[in-house]
Amino acid sequence: MFGQQPAKIQAGPMLGHSDLREVTVWVQSTAGAEVQIRYRTVGAPDGPFLFSEKKMAAAPNFFSVKIPLTEIKPSNRYRYDVLLDGKVQALPYPTEFATQALWQHRTDPPPFAVALGSCTYINEPEFDRPGNPYGGDYQIFGAIHQKRPDAMLWLGDNVYLREADWGSRTGVFRRYSHTRATPEMQPLLASTFHYAIWDDHDFGSNDSDGTFPFAQWTREAFETFWANPTFGLPGTGGKGITTAFRFNDVDFFLLDNRTFRSPNECTTCTRTLLGKDQLEWLIGALRSSRAPFKIVCIGGQVLSTAAVHENYARFFPEEREVLLKRISDEKIKGVVFLTGDRHHSECSRYQNEAGNWVHDFTVSPLTSGLSNVDPQKEPNAHRVEGSLFVQRLFGLMEFTGPKKDRSMKMGFYDSNGKEIWNIVLKASDL
């Protein structure tokens, strides 16, 4: 149209799911445009470009698209560019990625690192509560980027829907757009593969559950703005956002703790957080896994024995007991829960009746406000001494070692990237 400004990149590009022969790129433009990705291997600056399919960024999806790159090969590094209406968009940060290695039956699995965190509140005074800003320390995204993780796990409350947001599709999509466009976030989005679950604030209102009436809109926004491999629990017609993926030799299970959840305070309901179908799927998937570490991502704490706020022990102790007993009875080794929600961080661990160690790393918040947790008033019998931190931080898991002797180091890092705590787990000890 005459006088219309050319479309530009509003947010991203963001790297989504990565497999050996395909990588997904998400990008959001400022207006309607034809979007395409061109890419070629690093080290071949004069080589021919590969081109993705073209997709239209249109108003109904707030000008965001997900584009698969289908001509990649394992064990390669690629440089990529975003084209809007055929024009390359210049960006002030690198846009590169490395594909996973085809190591199976050939070598030991490669070392790799995965960043993680939860609770990302980005201030917008017009819609925030009055008083001191709830969000801050946005430099944390640059600190994560400096670690050059291979992937990042967003453990829920990745956006904070406000009262003006959750009652309309427009409000939900605008909140996602506002958060995703955070300038400090962009270099990290462009160079690391990202995976996400949700918790109450990106699912709906505070402490929302399966009765939330606008979940159709929040799920649509979640699927639009994230590029997980799939969305929805297998065997249920795709209900919820549950999925799983493998990165090198480690299996990751991304759970949905909202869609199947009964109301917290309902005394006559069947009290469930994961729901029967999702719990059965998880136990079966864990039992089938041959990974040395089985990483289970869920919005709220699992192992903490303190029955407070929205953790498993307070509202759903029976289901929690069933979950942990099934893991023990099936003799599943190497289970590590990654959780968020609490606005403080800690490590919980216990040894089950089968003799296997189960861990729960709570990593929270990235940029949100802090909790007022008091260890004396919130005793957690499984808390690892010295692991409790009430500050903005992120986690970094580093997987190393030969196939039969893999290790995982979990480190907590402050918002400037300084390591403040770590623990090393050997698969053979779990």
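## Concerning the overall build of the protein
Phase 1: A tally of regular secondary structure across the protein gives 8 helices and 21 strands.
Phase 2: Its C-alpha atoms give the protein a radius of gyration of 21 Å, within 12% of the compact-globule value 22 Å for 430 residues.
Phase 3: Within the protein, buried positions represent 58% of all 430 residues.
Phase 4: Across the protein, the fraction of contacts at a sequence separation of at least 24, relative to all contacts at a separation of at least 6, is 68%.
Phase 5: Of the roughly 18000 Å² of accessible surface on the protein, a fraction of 50% belongs to carbon and sulfur atoms.
Phase 6: Of the charged side chains in the protein, 47 are positive and 50 negative, and the gap between their average positions amounts to 5 Å.

## What about the state of the cysteines?
Phase 1: Inspection of every chain in the model, using the stated rule, returns 1 disulfide.
Phase 2: Two residues share a disulfide in this structure: Cys266 and Cys269, whose sulfurs sit 2.0 Å from each other. For the disulfide bridge between Cys266 and Cys269, the dihedral angle about the S-S bond is near 75 degrees, and by the sign convention the bridge is right-handed.
Phase 3: On the basis of relative accessibility, which here comes to 18%, the residue Cys266 falls in the buried class.

## Here's the deal with the nonpolar core
Phase 1: By size, the foremost hydrophobic cluster in this structure holds 57 residues, and its most contacted members are Leu153, Phe252, Ile295, Leu338, Phe361, Met397 and Met408.
Phase 2: Discounting residues that sit within four places of it in the chain, Ile295 has contacts with Val250, Asp251, Phe252, Phe253, Val336, Leu338, Met397, Phe399 and Met408.

## A look at the packing of helix α6 (residues 276-288) against helix α8 (residues 317-329)
Phase 1: As a packed pair, α6 and α8 sit with axes 10 Å apart at the nearest point and diverge in direction by 20 degrees. Accordingly, the angle class assigned to the pair α6 and α8 is roughly parallel. Taken as a pair, α6 and α8 cross one another with a handedness that is right-handed. Across the interface between the two elements, Leu279, Glu280, Leu282, Ile283 and Leu286 of α6 pack against Glu319, Val322, Leu323, Arg326 and Ile327 of α8.
Phase 2: Classifying every residue of the contact of α6 with α8 by side-chain character gives 7 nonpolar, no polar and 3 charged.

## A word on empty space enclosed by the protein
Phase 1: A complete count under the given rule lists 2 cavities of 30 Å³ or more for this structure.
Phase 2: What the largest cavity holds in volume is close to 70 Å³.
Phase 3: Forming the walls of the largest cavity are Trp154, Asn158, Val159, Tyr176, Thr179, Arg180, Met185, Leu189 and Trp226.
Phase 4: Counting residues per element, the lining of the largest cavity draws most heavily on helix α2 (residues 169-180), at 3 residues.
Phase 5: Classifying every residue of the lining of the largest cavity gives 6 nonpolar, 2 polar and 1 charged.
Phase 6: Each pocket or cavity is described by its volume, and for the second largest cavity that value is around 40 Å³.
Phase 7: What lines the second largest cavity is Asn257, Arg261, Leu273, Ile298, Gly300, Gln301, Val302, Glu310, Asn311 and Tyr312.
Phase 8: Here the residues of the lining of the second largest cavity sort into 4 nonpolar, 4 polar and 2 charged.

## A word on the packing of α2 against helix α5 (residues 215-225)
Two numbers describe a pair of packed helices, the interaxial angle and the distance between the axes.
Phase 1: Interhelical geometry of α2 versus α5 gives an angle of 30 degrees and a closest axis separation of 9 Å. By the criterion of interaxial angle, the relationship of α2 to α5 is roughly parallel. Of the two possible hands of crossing, α2 and α5 adopt the one that is right-handed. Listed contacts from α5 to Arg169, Val172, Phe173, Tyr176, Ser177 and Arg180 of α2 are Trp217, Thr218, Glu220, Ala221, Phe222, Thr224 and Phe225.

## A short note on the layout of surface pockets
Phase 1: Quantified by volume, the largest pocket comes out at close to 780 Å³.
Phase 2: If you go around the largest pocket, you meet 33 residues; those closest to its centre are Arg129, Tyr134, Tyr160, His201 and Asn206.
Phase 3: Counting residues per element, the ones that place at least two in the lining of the largest pocket are α4 (200-203) and α7 (312-315).
Phase 4: Classifying every residue of the lining of the largest pocket by side-chain character gives 11 nonpolar, 11 polar and 11 charged.

Cut-offs applied
For every chain, the first residue of the written sequence is number 1, and numbering continues from 1 onward in sequence order. Reporting in this predicted model follows two pLDDT cut-offs: at least 70 for local features of residues, and 80 or more for side-chain atom pairs to be given and counted; totals over whole chains, interfaces and linings ignore these cut-offs and use all residues. With hydrogens and water stripped out, all remaining heavy atoms of the structure feed into the side-chain values. Secondary structure is summarised from DSSP: a helix means a run of H or I of at least four residues, a strand means a run of E of at least two, and numbering begins at the N terminus for each. The globule rule is 2.2 Å times the number of residues to the power 0.38, and the radius of gyration it is compared with is taken over C-alpha atoms. Buried residues are those whose accessible area, probed at 1.4 Å on protein chains only, stays under 20% of the maximum for their type, while exposed residues exceed 50% and partly exposed ones sit between those limits. Pairs of residues are marked as contacts when any of their non-hydrogen atoms sit within 4.5 Å. Each accessible area value is a Shrake-Rupley result obtained with a 1.4 Å probe; residue values ignore everything except the protein chains displayed when judging cover. The charge count treats Lys and Arg as positive and Asp and Glu as negative. His and the chain ends do not count. Taken as the charge location is NZ of Lys, CZ of Arg, CG of Asp or CD of Glu. Two cysteine sulfurs form what is called a disulfide whenever their separation falls within 2.5 Å. As used in this record, nonpolar core signifies buried Ala, Val, Leu, Ile, Met, Phe, Trp, Tyr and Cys residues forming a set joined through side-chain atoms within 4.5 Å. Helix axes use the C-alpha atoms of the stretch in contact, all axes being lines fitted to C-alpha atoms, and the angles between their N-to-C directions lie in the range 0 to 180 degrees. Any angle that falls under 35 degrees is termed roughly parallel, while one over 145 is termed roughly antiparallel, one within 65 to 115 roughly perpendicular, and all others oblique. Should the near helix be turned counterclockwise from the far one by less than a right angle, the crossing is left-handed, whereas a clockwise turn marks it as right-handed. Each residue gets one of three labels, nonpolar for Ala, Val, Leu, Ile, Met, Phe, Trp, Tyr, Cys and Pro, charged for Asp, Glu, Lys and Arg, and polar for the others, Gly among them. Computed over the protein atoms alone on a 1 Å grid, cavities are sets of points where a 1.4 Å probe fits but cannot get out and pockets are open sets with protein on both sides within 12 Å along at least five of seven lines; a residue lines them when it has an atom within 4 Å of a point. Grid points are joined across faces, edges and corners, and a volume is the space filled by probe spheres set on the points.

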